[in-house]
Amino acid sequence: MLKSVILIGGDRKGTRFRPLSLDFRKPLFPIGGLPIIEHHIQACTELKEVQEILIIGSYNSSEMKSFLDEVQAKYSINIRYLQEFVELGTAGGLYHFRDQIRRGNPEAFFVLNGDVCADFPLRQLYEFHKSKPKALVSILSTEADRTESVNYGCLVTNKVTGEVTHYVEKPNSYVSPLINCGIYVLSTDIFPAIANVFYSRGESGDWNGNGIKDEGHIQLEQEILQPLAGTEKLYTISLNMKWSQVKNAASAIYANRQALELQRKHYPERFTYKTNCTIIDNVFIHPTAQIDDTAVIGPNVSIGKNVVIGPGVRIRESIILDYSTVDSHTLIIHSIIGRNSKIGKWTRIEGTQVDPDPNKPFAKIKNLPLFNQNGKLNPSTAIIGNGCTVSSEIILLNTIILPSKELTRSFKNEIIL
Ligand code: GDD
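In what follows, the accompanying structure is described. These figures come from a predicted structure and were not determined experimentally.

### With respect to helix α8 (residues 220-228)
Then, in step 1: Within α8, the full set of buried residues consists of L220, E221, E223, I224, L225 and L228.
Then, in step 2: Looking at the buried residues of α8, the elements they touch are α3 (89-96), β8 (137-143), β10 (164-169), β11 (178-187), α7 (190-200) and β12 (234-238).
Then, in step 3: Positioned one or two residues after α8, G230 has a phi angle of 80 degrees, which is positive.

### What to know about the environment of G92
Then, in step 1: Within the secondary structure layout, G92 lies in helix α3.
Then, in step 2: Residue G92 is classed as buried on the basis of its relative accessible area, which comes to 2%.
Then, in step 3: Between the C-alpha atoms of G92 and E215, which are 123 residues apart in sequence, the distance is 8.9 Å.
Then, in step 4: Among all residues touching G92, those that are not within four sequence positions of it are G216 and I218.

### Focus on the sheet that holds strand β24 (residues 335-337)
Then, in step 1: Taking strand neighbours across the sheet as the criterion, the seven strands line up as β15-β18-β21-β24-β27-β30-β33 in an open arrangement whose pairing is parallel. The open sheet has two edge strands with one neighbour each: β15 (283-285) and β33 (415-416).
Then, in step 2: Set on the sheet, helix α9 (residues 249-266) makes contact with β15, β18 (301-303), β21 (318-320), β24 and β27 (382-384); between it and β21 the angle comes to about 90 degrees.

### As for the nonpolar core
Then, in step 1: Formed by 44 residues in total, the largest nonpolar core has its most connected members in I55, F110 and I183.
Then, in step 2: For F110, the contacting residues outside a window of four places in its chain are L2, K3, S4, V5, L47, V50, L122, L125, Y126, Y184 and V185.
Then, in step 3: Core analysis: the next-biggest nonpolar cluster, separate from the first, contains 33 residues, I56, I101, I139 and L155 among them.

### Here we look at the site of the ligand
Then, in step 1: Not every one of the 28 residues close to the ligand is listed here, only the nearest: G89, E169, N180, E221 and K247.
Then, in step 2: At 3.1 Å, a backbone N or O of L7 approaches an oxygen atom of the ligand.
Then, in step 3: Within the side chain of Y184, an N or O atom sits 3.4 Å from an oxygen atom of the ligand.
Then, in step 4: Isolated, the ligand exposes 730 Å² of accessible area, and the fraction of that covered by the protein chains is 93%.
Then, in step 5: Secondary structure elements with two or more residues in the shell around the ligand: β1 (2-9), β4 (50-57), α3, β10, β11 and β13 (243-245).
Then, in step 6: A per-class count over the shell around the ligand returns 10 nonpolar, 10 polar and eight charged.

### Topic: helix α5 (residues 122-130)
Then, in step 1: Turning to α5, its buried residues number three or more, namely L122, L125, Y126, F128 and H129. Down the axis of α5, the buried side of the element spans an arc of 160 degrees, and every buried residue falls inside it.
Then, in step 2: The elements touched by buried residues of α5 are β1, α1 (36-45), β6 (108-113), β8, β11 and β12.

### A word on the pattern of salt bridges
Then, in step 1: The final tally for this structure, using the stated rule, is 19 salt bridges.
Then, in step 2: For R257, the salt bridge is made with E317, and the minimal N-O distance between the two is 3.1 Å. Here the residue R257 occupies a position in helix α9, and E317 occupies one in the loop between β20 (314-316) and β21, the gap between them amounting to 60 residues.
Then, in step 3: On the basis of relative accessible area, R257 is assigned to the buried category, the value being 7%.
Then, in step 4: Accessibility expressed as a relative area gives 10% for E317, which makes it buried.
Then, in step 5: Linking R348 and E350 is a salt bridge whose minimum nitrogen-to-oxygen distance equals 2.6 Å.
Then, in step 6: According to the relative accessible area criterion, E350 is partly exposed, its value standing at 22%.
Then, in step 7: The structure contains a network of salt bridges with shared partners spanning E49, R123, E127 and K130.

Rules behind the numbers
- Residues numbered from 1 in each chain as written.
- Predicted model: local features only at pLDDT ≥ 70, side-chain atom pairs only at ≥ 80, totals over all residues.
- Heavy atoms only, no water.
- Buried < 20%, exposed > 50% of the residue type's maximum accessible area, 1.4 Å probe, protein only.
- Helix = DSSP H or I, 4+ residues; strand = E, 2+ residues; numbered from the N terminus.
- Contact = heavy atoms within 4.5 Å.
- Pairing = 2+ DSSP bridges.
- Axes fitted to C-alpha atoms, helices over the stretch in contact; angles between N-to-C directions.
- Core = buried A, V, L, I, M, F, W, Y, C linked by side-chain atoms within 4.5 Å.
- Near = heavy atom within 4 Å.
- Polar contact = N/O pair within 3.5 Å; in protein donor to acceptor, adjacent residues only side chain to side chain.
- Areas by Shrake-Rupley, 256 points an atom, 1.4 Å probe, with all protein chains shown as cover.
- Nonpolar A, V, L, I, M, F, W, Y, C, P; charged D, E, K, R; others polar.
- Arc of directions from axis to C-beta.
- Salt bridge = Lys/Arg side-chain N within 4 Å of Asp/Glu carboxyl O.

Written out as structure tokens, the structure is:
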């Protein structure tokens, strides 16, 4: 029997995802037509050995309830949310909820970062882990290029055995092209190692030197993986695969593209349409959405529940969230349209493609600052917040609109507060 833990963090972590995180808890933001972490759940349910999924985060339980009810009903597996009352870090929550994880004696458990988008080769990872009897942790890794690698956990390995001999989290300078994908298998014997960190702190327990006492806060990467490297207890399997993180709006567009491709491959039944509009693959349309037959949608578009799309509309590389309407002959490119928004006729909403070459297997989405040195907004995905009304015949280029705004004129490179 195996279990899975999905780490989703909490409110404090959603800042780069604004303004989308004003309406959505980031782990529940839909990509490829499913909340981000439902992709993790789907992947876990593909392994019959996985009998329970524990989602650990510090969002209030009430905010996760309807999602949990939905997935619990949809997948025949036990799924529970365990709330941290303060953020405990990437290993603190595992330790705090260790009894829940160990209950039923799982042979091992997966730990999945809730903000990654991938094909989750869990079977391969688990088989690899089993083949290393001394391993406490096996990490899924992939190769990034030199400049991108330093933004991740970097691994130096013994190429013959797969042992991680050196681990550095987000190094200041180049260490290795192999990066930690945030997807692991942990043996339940890991808990004494985490307990050692917990007890070695004593009362001062201040890991990050910020003067705040946070005894329970433990970072898996710096406090567990780093010391385990070179002790024959930490291994990695490196795969060449599509993988990305969802950190900001641009990365959501990129992840949407990847998720659509993976979903199309594994769950083609989700890609049937009730409309005769022109579809340029890959496109997800929720069965309740109404799309006029003369619209042209795709590639890489997800359309949510009860969305209405009028005649002659053209949408590509975008996410249209639930209950929005797009009136006739409007063009939407590289944009995210929030829930319950109304977009008029003959309007143009266009963001800039800031994500990298879609054909590259590994992609670091440039985390451009919002403004450049001249105080101008950097090129970005266009975002229309939840509940906005955009009049007909206006043009919004690289514009970010906060929720509930009514726009009656055109804007370019601006944030409308
Ligand atoms: N429950 C819980 N509690 N989850 C947390 C906490 C916490 O206090 N802090 C972070 N997380 C979750 C985040 O929501 C995210 O899903 C995941 O753990 C990773 O945390 P981040 O702090 O966002 O780390 P990162 O993305 O910059 O880097 C990590 O992931 C990379 C791969 O995606 C590291 O593990 C890197 O080494 C790795 O390359």
